[in-house]
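# Descriptive analysis of the structure
Okay, here's what each chain looks like letter by letter:
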Amino acid sequence: MIGAMRIGLQIPNFTLPLPDDELFEAIAELAVTAEDSGFESVWVMDHFYQLPALGGPTQPMLESYTLLGGLAARTSRIKLGTMVTGVTYRNPALLAKIVTTLDVISAGRAILGIGAAWYDVEHEGLGVAFPPVGERMDRLEEAVQICRAMFTEDEVTFDGSYYSVHEARNLPRPVQPGGPPILIGGGGEKRTLRLVAQYADYCNIVGDPSTIAHKIAVLHGHCDAVGRDPAQVTVSRLATLVLTDSSEETAAVRELLEAAAGEAASGFNVGTEDEIVAQVQELAAAGVQYCIFNMPTSGADAVRRAGGLLASR
């Protein structure tokens, strides 16, 4: 660890030069390598179509919670979650049951990552309703309340505008006291960060250190407004990690990313080992407590290298 920084690995890419019946073993190898290398958590995307940046709907995508259940059986320590579940995809009471089952299978290692959903293409393709953003945010607020209640209460009754449950039971109970922690993804300053302050244990935001510092200040303002200690919310940041072997390679990769992604290049950490350490230290100074990295074109050796660099400090 760098100071008190915690690190996680997101696995977003399933386009591998393998037949389908060997795909899970390759993903499991990444998760086991992450665990053995000191990563605290493994995350998968909750999408049914691959994202445009990784090839789009014609590329393979595994269902997130089925995959996490398999990874739970292959690992023993590392925490497991989605980055992040789309609120539109599952009834929240069913989602609470799914995440509780993952917590039981993993002996208390599940995290519920959840957000308002955004990928309209897969909604349309799979026939899932994609309401306007305001409604999706309202649904998110109701969903996290239902999930928290089902993690902690014997019977749950909730009557909302979009979701209702009546004397809902969730047996067996989660292994973790209080249930799996809840992470809300997104940096919207009016609604999302307010929901984090009210309901979440973790938030996940993206951007460069100055953007992160601003978002954290907004989050802390919401915490003050609802009477919550900001220290109760862990701030995580998701980015793509590219380890290089020279300053020349770093410059070339950055130039390529800036040409392809423009401002989105702030979602990348690119550099030699010393440069990456310095970047993570800068993020820590901005208030990030948990760096979650994906390495979509890298294999187990690169994951092992990243863990050795970041988790051992």
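This text goes with the structure placed above it.
Remember, predicted model here, so these are calculated numbers, not experimental data.

## A few points about the overall build of the chain
A count of helical and extended segments in the chain gives ten helices and twelve strands. Scaling as 2.2 N^0.38, a compact globule of 313 residues should have a C-alpha radius of gyration of about 20 Å, and the chain matches this with 19 Å. By principal-axis analysis of the C-alpha atoms, the chain measures approximately 60 × 50 × 35 Å. In the chain, which comprises 313 residues, the proportion classed as buried is 53%. The contacts in the chain between residues at least 6 apart in sequence include a share of 73% that link residues at least 24 apart. Here the chain displays about 13,500 Å² of accessible surface, and carbon together with sulfur accounts for 54% of that area. When the 22 basic and 39 acidic side-chain charges of the chain are each reduced to a single mean position, those positions are 6 Å apart.

## Focus on the pairing of strand β10 (residues 234-243)
Of all ten residues that make up β10, nine are buried, and the element is covered over most of its length. Alignment of β10 against strand β12 (residues 290-294), held across five bridges, turns out to be parallel. Following the sheet pairing, Leu 238 is matched in β12 by Ile 292.

## A word on the packing of helix α3 (residues 92-105) against helix α5 (residues 133-152)
Relative orientation of the contacting elements α3 and α5 amounts to 45°, with a least axis distance of 9 Å. What the angle tells us is that α3 and α5 run oblique. In the packing of α3 onto α5, the handedness of the crossing is right-handed. Contacts between α3 and α5 involve Pro 92, Ala 93, Leu 95, Ala 96, Val 99 and Thr 100 from the first element and Ala 143, Ile 146, Cys 147, Met 150 and Phe 151 from the second.

## Brief notes about the pattern of salt bridges
Per the counting criterion, the structure on display carries 14 salt bridges. Taking the shortest distance from any N to any O, the salt bridge between Arg 139 and Glu 135 comes out at 2.9 Å. Highlighted residues: Arg 139 and Glu 135, both in helix α5, separated by four residues, approximately one helical turn. Note on Glu 135: relative accessible area 23%, which makes it partly exposed. In this structure, Arg 191 and Glu 141 form a salt bridge, with 3.5 Å as the shortest nitrogen-oxygen distance. Of the two residues, Arg 191 sits in the loop between β8 (182-185) and α6 (192-199) while Glu 141 sits in helix α5, which places them 50 residues apart along the sequence. Classification of Arg 191 by relative accessible area gives partly exposed; the value is 25%. Residue classification places Glu 141 among the buried positions, given a relative accessible area of 17%.

## Some words on the packing of aromatic side chains
Enumeration according to the criterion identifies three aromatic pairs in this entry. Here Trp 118 and Tyr 119 contribute two aromatic rings whose centre-to-centre distance is 5.1 Å and whose plane-to-plane angle is 25°, an arrangement assigned as stacked.

## Comments concerning unusual backbone geometry
The step from Met 83 to Val 84 runs through a cis peptide bond, and the omega angle for that step is -10°. As for its position among the elements, Val 84 is in the loop between β3 (79-82) and β4 (85-86). Residues Leu 171 and Pro 172 are joined by a peptide bond in cis, for which omega reads 5°. Here Pro 172 shows up in the loop between β7 (164-168) and β8. Despite not being glycine, Ala 117 shows a phi value in the positive range, around 70°. In this fold, Ala 117 is placed in the loop between β5 (110-115) and α4 (120-126). Overall, Ala 117 belongs to the buried group, its relative accessible area being 12%. In this structure, Glu 167 takes a positive phi of about 50° despite not being glycine.

## Some remarks on the nonpolar core
The biggest cluster of nonpolar side chains holds 83 residues, and the ones touching the most others in it are Leu 112, Ile 114, Leu 140 and Ile 184. In terms of residues, this core owes the most to one element, α5, which gives nine residues. Sequence-distant contacts of Leu 112, defined by excluding residues within four places in its chain, comprise Tyr 65, Thr 85, Leu 95, Val 99, Cys 147, Phe 151, Pro 180, Pro 181, Ile 182 and Leu 183.

## Quick word on helix α1 (residues 23-36)
End to end, α1 covers 20 Å across 14 residues, agreeing with the expected 20 Å (1.5 Å per residue, within 8%). Within α1, the full set of buried residues consists of Leu 23, Ala 26, Ile 27, Ala 28, Leu 30, Ala 31, Thr 33, Ala 34 and Glu 35. Among the structural elements, β1 (6-11), β2 (41-44), α2 (64-74) and α10 (300-310) are those in contact with the buried residues of α1. Two residues or fewer past α1, Gly 38 is found with a positive phi of approximately 105°.

Scoring rules and cut-offs
Residues numbered from 1 in each chain as written. Predicted model: local features only at pLDDT ≥ 70, side-chain atom pairs only at ≥ 80, totals over all residues. Heavy atoms only, no water. Helix = DSSP H or I, 4+ residues; strand = E, 2+ residues; numbered from the N terminus. Rg over C-alpha atoms; globule rule 2.2 N^0.38 Å. Buried < 20%, exposed > 50% of the residue type's maximum accessible area, 1.4 Å probe, protein only. Contact = heavy atoms within 4.5 Å. Areas by Shrake-Rupley, 256 points an atom, 1.4 Å probe, with all protein chains shown as cover. Lys, Arg positive; Asp, Glu negative; His and termini not counted. Charge placed at Lys NZ, Arg CZ, Asp CG, Glu CD. Pairing = 2+ DSSP bridges. Axes fitted to C-alpha atoms, helices over the stretch in contact; angles between N-to-C directions. Parallel < 35°, antiparallel > 145°, perpendicular 65-115°, else oblique. Left-handed = near helix turned anticlockwise from the far one by under 90°. Salt bridge = Lys/Arg side-chain N within 4 Å of Asp/Glu carboxyl O. Phe/Tyr/Trp six-rings, centres within 6.5 Å; stacked < 30°, edge-to-face > 60°. Core = buried A, V, L, I, M, F, W, Y, C linked by side-chain atoms within 4.5 Å. Expected span 1.5 Å × (residues − 1).

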